Amino acid sequence: RLSEVKDKMEKDLAALKASTAASQAPQETSKDALNEAKERERKLETEFKALREAHVKLLEEQKKITLQVEEANTAKESEEKKKLKKVNEKLQQELDELREQQEKQKSL
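These numbers come from a predicted model, not from an experiment. (Residues numbered from 1 in each chain as written. Predicted model: local features only at pLDDT ≥ 70, side-chain atom pairs only at ≥ 80, totals over all residues. Heavy atoms only, no water.)

Novice: In this structure, what is going on with the environment of Gln-105? I would like to understand it.
Specialist: Here Gln-105 lies in helix α1 (residues 2-107). Sequence separation between Gln-105 and Asp-12 is 93 residues; the distance between their C-alpha atoms is 136 Å. (Helix = DSSP H or I, 4+ residues; strand = E, 2+ residues; numbered from the N terminus.)

If you want it as structure tokens, here you go:
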């Protein structure tokens, strides 16, 4: 009779261990999955931060380039205005000379 009780207790103990192991396995799987998800989240946050910083740097670089282009265009326009002013002055001088000649011819 004592051996029957012992056998039953051993069976119960084995069943309890199996049940405990079975219930812990999903928890450990869940813990592993949760840890993996947290690690992926940390990696994504790090990547996002790096991308955001790169984006800010690109925007700053774009502003610098835009300013350089605007300055270059302004300088080019200024240079073109100077050239046009010189051409205009030369044409005005030629026109004045032609008018003088015309006046001389009329007076003759």
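Novice: Where do I start with the pattern of salt bridges in this structure?
Specialist: When their charged atoms lie close together, side chains carrying opposite charge are able to pair. Overall, the coordinates contain two salt bridges when judged by the stated rule. We note a salt bridge from Asp-12 to Lys-8, for which the minimum N-O separation is 3.4 Å. Of this pair, Asp-12 and Lys-8 both sit in helix α1, four residues apart, roughly one helical turn. Residue Asp-12 is classed as partly exposed on the basis of its relative accessible area of 44%. (Salt bridge = Lys/Arg side-chain N within 4 Å of Asp/Glu carboxyl O. Buried < 20%, exposed > 50% of the residue type's maximum accessible area, 1.4 Å probe, protein only.)

Novice: Got a minute to help me understand the environment of Gln-62 in this structure?
Specialist: In this fold, Gln-62 is placed in helix α1. The class of Gln-62 is partly exposed, set by a relative accessible area of 49%. Sequence spacing of Gln-62 and Ala-15 is 47 residues, and the spatial spacing of their C-alpha atoms is 69 Å.

Novice: Looking at this model, I keep getting lost on a negative patch on the surface. Mind explaining?
Specialist: Residues Glu-94, Asp-96, Glu-97 and Glu-100 make up a contiguous surface patch of negative charge. On the secondary structure map, Glu-100 appears in helix α1. (Patch = residues over 30% accessible without salt bridge, like charges linked within 9 Å, V, L, I, M, F, W, Y side chains within 5 Å. Areas by Shrake-Rupley, 256 points an atom, 1.4 Å probe, with all protein chains shown as cover. Lys, Arg positive; Asp, Glu negative; His and termini not counted. Charge placed at Lys NZ, Arg CZ, Asp CG, Glu CD.)

On their own, these measurements won't tell you what the molecule is for.
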